[in-house]
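So the chains spell out like this:
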Amino acid sequence: MPISETDIAKVAQLAHLELPDDELKVFVPQITEIVRYVEQLNALDTHGVEPALGGLTPDGEKTDSSRADEVQACLGQRTALAEAPAAAEGHFRVPKVLT
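Residues numbered from 1 in each chain as written. Predicted model: local features only at pLDDT ≥ 70, side-chain atom pairs only at ≥ 80, totals over all residues. Heavy atoms only, no water.

Participant: Kindly report on helix 2 (residues 21-39), identifying the contributing residues and their values.
Facilitator: Under the 1.5 Å per step criterion, the end-to-end length of helix 2 is 27 Å for 19 residues, consistent within 8% with the ideal 27 Å. The largest bend in helix 2 is about 30°, located at Phe27, with the proline Pro29 one to four residues further on. Structurally, helix 2 contributes buried residues whose contacts are with helix 1 (5-14). (Helix = DSSP H or I, 4+ residues; strand = E, 2+ residues; numbered from the N terminus. Expected span 1.5 Å × (residues − 1). Bend = angle between axes of the 7 residues up to and from the residue. Contact = heavy atoms within 4.5 Å.)

Structure, rendered in structure tokens:
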């Protein structure tokens, strides 16, 4: 199934991205190539391969990755803000992202 500009526009809309028409034209062949590459996985013989639910493999499930939950000294407000590119009244100042 070929990828169209309409498909790219729909994905952009779902991702809340504004793409001009010239960028839609650029993305169509790029996304088509990505999908074509991923579709190569369909050629793999996965018969008899157990699904790895949750991304865990049997070896991964055997690995103990837990650690003791110990209280440690924190960085502190003054030290953290000293390295900040912009600080105001004891807080990090960041660019506005919501309109």
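Participant: Which residues make up a nonpolar patch on the surface, and what are the values?
Facilitator: A cluster of nonpolar side chains, contributed by Ile31, Ile34, Tyr37, Val38, Leu41 and Leu44, occupies part of the molecular surface with about 600 Å² of accessible area. Its place among the elements puts Tyr37 in helix 2. (Patch = residues over 30% accessible without salt bridge, like charges linked within 9 Å, V, L, I, M, F, W, Y side chains within 5 Å. Areas by Shrake-Rupley, 256 points an atom, 1.4 Å probe, with all protein chains shown as cover. Salt bridge = Lys/Arg side-chain N within 4 Å of Asp/Glu carboxyl O.)

Participant: Describe unusual backbone geometry, listing the residues and the values that go with them.
Facilitator: Of note, the phi angle at His16 is positive, near 60°, even though the residue is not glycine. The residue His16 is located in the loop between helix 1 and helix 2 in this model. Here His16 falls in the exposed class, since its relative accessible area comes to 73%. One non-glycine residue, Glu89, lies in positive phi territory at about 50°. Note on placement: Glu89 falls in the loop between strand 1 (87-88) and strand 2 (91-92). (Buried < 20%, exposed > 50% of the residue type's maximum accessible area, 1.4 Å probe, protein only.)

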